[in-house]
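Chain and residue survey
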Amino acid sequence: MSYRKLQIWILAREVVIDVHEMSLNLPKFELYEEGSQIRRSSKTTKATIVEGYGRRRYKQDWIKFIVYALSSNDETLDHLENLWDTKSLTDQMIFISLKYKIETLGKMLNKFLQVVEQEHQSSK
């Protein structure tokens, strides 16, 4: 199996693409401020899933990287809300769609973490 078949990675990839596209339409000053931050945190979420998958043989590492992915996803949501609250992002449909995907990814990561932790407990 490949990490590319993980539903969490597939959704994280969608978030990266959507965030990137959204950020290109932000006011110029935001491209290098909040725009840069939200692009980085969304990419970190996806990359951390990949890195954790590569370490899945070591359950504690796998768990640690899922937690890192969760925290980066939370950071992405915070940046999105900052953009909306400051009116740098004004397209409500884009905001709602991205918020939904980011929140869904967070729920999926939480569930995935529970499954990995349970498997870790049962393999002892």
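Now for a description of the structure that goes with this document. All values reported here derive from a predicted model rather than from experimental measurement.

What follows covers the overall build of the protein. When you go through the protein residue by residue, the secondary structure sums to 5 helices and 0 strands. Starting at the N terminus and walking to the C terminus, you meet the elements of the protein as α-α-α-α-α. Here the protein has a C-alpha radius of gyration of 15 Å; the compact-globule value for 124 residues is 14 Å, and the two agree. Seen through its C-alpha atoms, the protein measures out along the principal axes to roughly 50 × 20 × 20 Å. The buried share of the protein, taken over its 124 residues, is 40%.

For an α-helix, the turn length of 3.6 residues means that residues three or four places apart are oriented alike. Relative to the 30 Å expected for 21 residues at 1.5 Å per residue, helix α3 (residues 34-54) spans 30 Å between its end C-alpha atoms, a close match to the ideal helical length. Buried residues of α3: Glu34, Gly35, Ser36, Ile38, Arg39, Ser41, Ser42, Thr45, Thr48, Ile49, Gly52 and Tyr53, and no others.

All right, on to the packing of aromatic side chains then. Aromatic ring pairs: the centre-centre distance and the angle between the two ring planes describe each pair. The tally for this structure, following the rule as stated, stands at 6 aromatic pairs. Judged by centre distance (6.1 Å) and plane angle (80 degrees), the rings of tyrosine 53 and tryptophan 62 are edge-to-face. Residue tryptophan 62 is classed as buried on the basis of its relative accessible area, which comes to 5%. For the pair phenylalanine 65 and tyrosine 68, a centre-to-centre distance of 5.4 Å together with 80 degrees between the ring planes defines the contact as edge-to-face.

This part takes up the side chain of threonine 48. Looking at the secondary structure, you find threonine 48 in helix α3. A relative accessible area of 9% means that threonine 48 is categorised as buried. In this structure threonine 48 touches Phe65, Tyr68 and Ala69, once residues within four positions along its chain are discounted.

About the criteria used
- Residues numbered from 1 in each chain as written.
- Predicted model: local features only at pLDDT ≥ 70, side-chain atom pairs only at ≥ 80, totals over all residues.
- Heavy atoms only, no water.
- Helix = DSSP H or I, 4+ residues; strand = E, 2+ residues; numbered from the N terminus.
- Rg over C-alpha atoms; globule rule 2.2 N^0.38 Å.
- Buried < 20%, exposed > 50% of the residue type's maximum accessible area, 1.4 Å probe, protein only.
- Expected span 1.5 Å × (residues − 1).
- Phe/Tyr/Trp six-rings, centres within 6.5 Å; stacked < 30°, edge-to-face > 60°.
- Contact = heavy atoms within 4.5 Å.

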